[in-house]
Amino acid sequence: EPGWVRAAAAVADVLVREPVDGLVSSPLARAVQTAAPLAARLGRAPILDDRFGELRVGRWEGVDEDEIAERWPEHWERWRSQPHTLEIDGRETLADLNARVAGALDELFAELVDGGAAVVFTHDAVVRAGVAWALGTGPEIYRHVAVDNCSITTVEVVAGVRRVLRMNESAHLE
C-alpha cells in the first residue's frame, strides 16, 4: 500500500469526526484520490472545483526543479526568493492565484449556514493562498506558510471574521 494511500486514510480518520457540510476537491487526480477515503466514509462524492486546482505554471509544467533552475536561472531564483514578484508569460502569478482562491472561498463560505464546515482537498500553493485570504494579506506571505502533503489547515469565518484555527497539522501522519 503506497504511503499516500495511508496518508489519505489518516486524513479521513481525522476529518470524519468533524462536521462536514461541504466536500470539495480540485479536479486533479491526486486531490480526488486523497479525498476518496473521506468521501467513501461520508457516502458522497466531492464537488470538483477547478478554482481549487494547482497553481498554473505554464511552460514549467512537468519540468523538474533542477531543469527549471538550469533553463531559467533568473526566474528560478526569483521563484525561490520572492515568488510574489515572478511574472512569466503563460504562468499564473501568485496574485492571480490568490484572487482565484479568494473568490472560491468567498463563494464556499457564503453557501454554508452559520457554523457550517466544508473540506477542500487541494494543493500546497492553493492552501497558501487560502491562508493569505484568511489573514487578509497577499501573496507576499507565500514562502512563510508551510504546507506538507496530506496536512490539515483549518479556517473559519464567524460574523465575517476569518481566522486560521490550525495550519499544516500533520500529527495524524505519524
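Residues numbered from 1 in each chain as written. Predicted model: local features only at pLDDT ≥ 70, side-chain atom pairs only at ≥ 80, totals over all residues. Heavy atoms only, no water.

(A) The arrangement of the packing of aromatic side chains in detail. Summed over the entire model, instances satisfying the criterion amount to 5 aromatic pairs. Taken together, a centroid distance of 6.0 Å and an interplanar angle of 55° make the contact between tryptophan 60 and tryptophan 76 tilted. Note that tryptophan 60 is positioned in the loop between β2 (47-48) and α3 (65-71) and tryptophan 76 in helix α4 (residues 73-81), a separation of 16 residues in sequence. Geometrically, the ring pair formed by phenylalanine 109 and tryptophan 133 is stacked, given 5.4 Å between the ring centres and 25° between the ring planes. Of the two residues, phenylalanine 109 is situated in helix α5 (residues 94-111) and tryptophan 133 in helix α6 (residues 124-135); the sequence distance between them amounts to 24 residues. Aromatic rings pair up to connect Trp60, Trp72, Trp76, Trp79 and Tyr142 into one cluster. Just above the ring of tyrosine 142 sits the side chain of arginine 128; from NZ or CZ to the centre is 4.6 Å. (Phe/Tyr/Trp six-rings, centres within 6.5 Å; stacked < 30°, edge-to-face > 60°. Helix = DSSP H or I, 4+ residues; strand = E, 2+ residues; numbered from the N terminus. Lys NZ or Arg CZ within 6 Å of the ring centre and 35° of its normal.)

(B) Just the pattern of salt bridges, in detail. Applying the stated criterion across every chain yields a total of 13 salt bridges. Two residues, aspartate 50 and arginine 56, come together in a salt bridge whose shortest N-O distance is 2.6 Å. Here arginine 100 ties to glutamate 92 by a salt bridge, and the two come within 2.8 Å at their closest N and O atoms. Looking at arginine 100, the relative accessible area reads 14%, which means it is buried. Overall, the relative accessible area of 12% leaves glutamate 92 in the buried class. Within the structure, one salt-bridge network assembled from shared partners comprises Asp50, Arg56, Glu92 and Arg100. (Salt bridge = Lys/Arg side-chain N within 4 Å of Asp/Glu carboxyl O. Buried < 20%, exposed > 50% of the residue type's maximum accessible area, 1.4 Å probe, protein only.)

(C) Main features of the sheet that holds β2. One open sheet holds the 3 strands; their spatial order is β2-β1-β3, and the pairing between them is parallel. In this open sheet, the two edge strands, each paired with only one partner strand, are β2 and β3 (118-121). This element, helix α2 (residues 29-42), spans β1 (22-25), β2 and β3 of the sheet and lies at about 160° to β1. (Pairing = 2+ DSSP bridges. Contact = heavy atoms within 4.5 Å. Axes fitted to C-alpha atoms, helices over the stretch in contact; angles between N-to-C directions.)

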